[in-house]
Amino acid sequence: MIELLPDQMARVSLDGVIKVVSVALVAPITVGDYVIVHVGFALTRIDPEEAQRTLALLAEMGQIATEAAP
Amino acid sequence: MKYMDEYRDGKIARSIAAAIAAAADPARLYHFMEFCGGHTHAISRYGLEDLLPGNVRMVHGPGCPVCVLPIGRIDMAIRLAQRPEVTLCTYGDLMRVPGSHGASLLRAKAAGADIRMVYSTLDAIAIAQAEPERQVVFFAIGFETTTPPTALAVKLACARRLTNFTVFCNHVLTPPAIRGILEHPDLDGVEGPKLDGFIGPAHVSAVIGSDAFAEFARDFEKPVVVAGFEPLDVMQAILMLIRQVNDGRHAVENQYIRAVSPQGNRIAQAEVAEVFELRESFEWRGFGAVPASGLRLREAYAGFDAERRFAMPEISAADNPACECGAILRGIKRPTDCKLFGTLCTPETPMGSCMVSSEGACAAHWTYGRFRDHARRAVA
């Protein structure tokens, strides 16, 4: 999310493509937050810490599998 | 894009595939249903089935909003759009869904009906405000992800006292469909798949919360793993399901912790509860009437209900008898089991709804999966 607008709207950047979407369903929200946008509405915020934990877990899974492989 | 590319790493996917191969017991079969069309699309697009051992099979579920809408509701929308005073606003993927006798919204539009594609419910509100002489109807479809946007639009129309905006409501709920599959796995005497677990939907779960699936783990003893839409998410969820099955466990687990909480999005749930109430029953393609599975506008918002304003008669219409969408939506048949697949029925000229949306099992298989069929047959 790159800019809050009036009426619970916000400007978001989808990999550089700018769209105006409603953030009425995810208040409060701040610039820099990542959101999942569906049919013009932000449905939920991405939790950066949990995202990092999932990535770490995925990398770990991969490592274990590689070590276990003959 | 951040939070997407990292979850598409082919090297990690192959190592998770190795972990899956090591965990899967070669003496047994694993059948997992991905409920959601977003997962069906991801599995086909990234060729995830090719990374799985032969005894781990994915069964496509009914979580494609366009696919489960019965023909009768399309016919009702077309009839409504043909009224001269009506402007029907719809999400794009509904345009080509076949109604009865080869009709579709696209054809009705070509014949002169005022039908407009919108990206968001707010676009439909903007049209209603800009053109007060038109009766603007939003053709609302979808699961729990598109329902909150419709609820907000209705409240906005109410607050702005719009008298020319209504909603033709076809919103449906995920849990009753899963229950329907578990309670009645067979269709017309054809045996359904023996499911060992479910991949729970991603964005739907962000709204309703992972706890919404607890009843299936508890009452039906099926493991459910809520997963994100990226390929590594799906692979990890499959591994989590295999581990649950091997351990004899049946719990709801959440792979998509970066976006889904146990309780879901409370704001969205409150907006939906304020505007909508349960219908006693709603018809689904492939399921027939499913009790307490669809929503309608509450009495307080009756003025925004297109079915009431235009006294829309209920239409029930039969599917094309050769189309296997019903059985495919329930995981009983695969797209290639249908005689029409790839011959009469393609994304350009769909005969059944599963070929229309990119989330439909037939469209996903046509676009990505069919090229692998030959290799797979050769191995078998």
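Above this text is the structure in question.
Because the structure is a prediction, the values reported are computed rather than measured. (Residues numbered from 1 in each chain as written. Chains lettered and ligands numbered in written order. Predicted model: local features only at pLDDT ≥ 70, side-chain atom pairs only at ≥ 80, totals over all residues.)

Looking at the element boundaries, Ala42(B) is found in helix α2 (residues 37-45). In this view, Ala42(B) contacts Phe229(B), Pro231(B) and Val234(B); residues no more than four positions away in its chain are not counted. (Helix = DSSP H or I, 4+ residues; strand = E, 2+ residues; numbered from the N terminus. Contact = placed C-beta atoms within 7 Å.)

Chain A puts 29 residues into the contact, and the matching count from chain B is 30 residues. Mapped onto the side of chain A that touches chain B, the elements with two or more residues apiece are β4 (35-38), β5 (41-45) and α1 (48-68) of chain A. It is α1(A) that contributes the most residues to the side of chain A that touches chain B, 13 residues altogether. Class assignment for the residues of the side of chain A that touches chain B results in 18 nonpolar, 7 polar and 4 charged. (Nonpolar A, V, L, I, M, F, W, Y, C, P; charged D, E, K, R; others polar.)

A few words on helix α1 (residues 10-23) of chain B. Between its first and last C-alpha, α1(B) extends 20 Å over 14 residues, near the 20 Å set by a 1.5 Å rise per residue. Within α1(B), the full set of buried residues consists of Ile12(B), Ala13(B), Ser15(B), Ile16(B), Ala17(B), Ala19(B) and Ile20(B). (Expected span 1.5 Å × (residues − 1). Buried ≥ 20, exposed ≤ 12 C-beta atoms within 10 Å, placed from the backbone.)

For the rest of this paragraph, the subject is the pairing of β4(A). Bridge analysis of β4(A) against β5(A) gives 4 bridges, and the strand direction is antiparallel. Residue pairing for β5(A): Val37(A) is matched across the bridge by Ala42(A). (Pairing = 2+ DSSP bridges.)

All names here are of chain B. The 5 strands lie next to each other as β2-β1-β7-β8-β9, forming an open sheet whose pairing is parallel. Among the strands making up the open sheet, the edge pair consists of β2 (56-63) and β9 (252-254). Neighbour-to-neighbour, the strand axes of the sheet open up by a mean angle of 25°, direction not taken into account. Both strand β1 (residues 30-36) and strand β7 (residues 197-200) contribute to a ladder of 3 bridges, which runs parallel. The residue bridging Glu34 from the neighbouring strand is Ile199, located in β7. On top of the sheet, helix α12 (residues 231-247) reaches β1, β2, β7, β8 (224-226) and β9; it is set at about 150° to β7, its chief contact. (Axes fitted to C-alpha atoms, helices over the stretch in contact; angles between N-to-C directions.)

Before going further, it helps to spend a moment on unusual backbone geometry. All names here are of chain B. The backbone phi angle of Tyr3 is positive, close to 70°, even though this residue is not glycine. Following the sequence through the fold, Tyr3 ends up in the segment before α1. Note on Tyr3: 17 C-beta atoms within 10 Å, which makes it partly exposed. A positive phi angle, close to 55°, is found at Glu221, a residue other than glycine. By secondary structure assignment, the location of Glu221 is in the loop between α11 (214-219) and β8. The exposed category is assigned to Glu221, around which 12 C-beta atoms lie within 10 Å.

This paragraph deals with the packing of α1(B) against α12(B). Residue and element names in this part refer to chain B. Running from N to C, α1 and α12 cross one another at 15°; their axes reach a closest spacing of 10 Å. Between α1 and α12, the angle falls in the class roughly parallel. Between α1 and α12 the crossing geometry is left-handed. Within the contact between the two elements, α1 uses Ile12, Ala13, Ile16, Ala17, Ala19, Ile20 and Ala23 and α12 uses Pro231, Leu232, Met235, Gln236, Ile238, Leu239, Ile242, Arg243 and Asn246. (Parallel < 35°, antiparallel > 145°, perpendicular 65-115°, else oblique. Left-handed = near helix turned anticlockwise from the far one by under 90°.)

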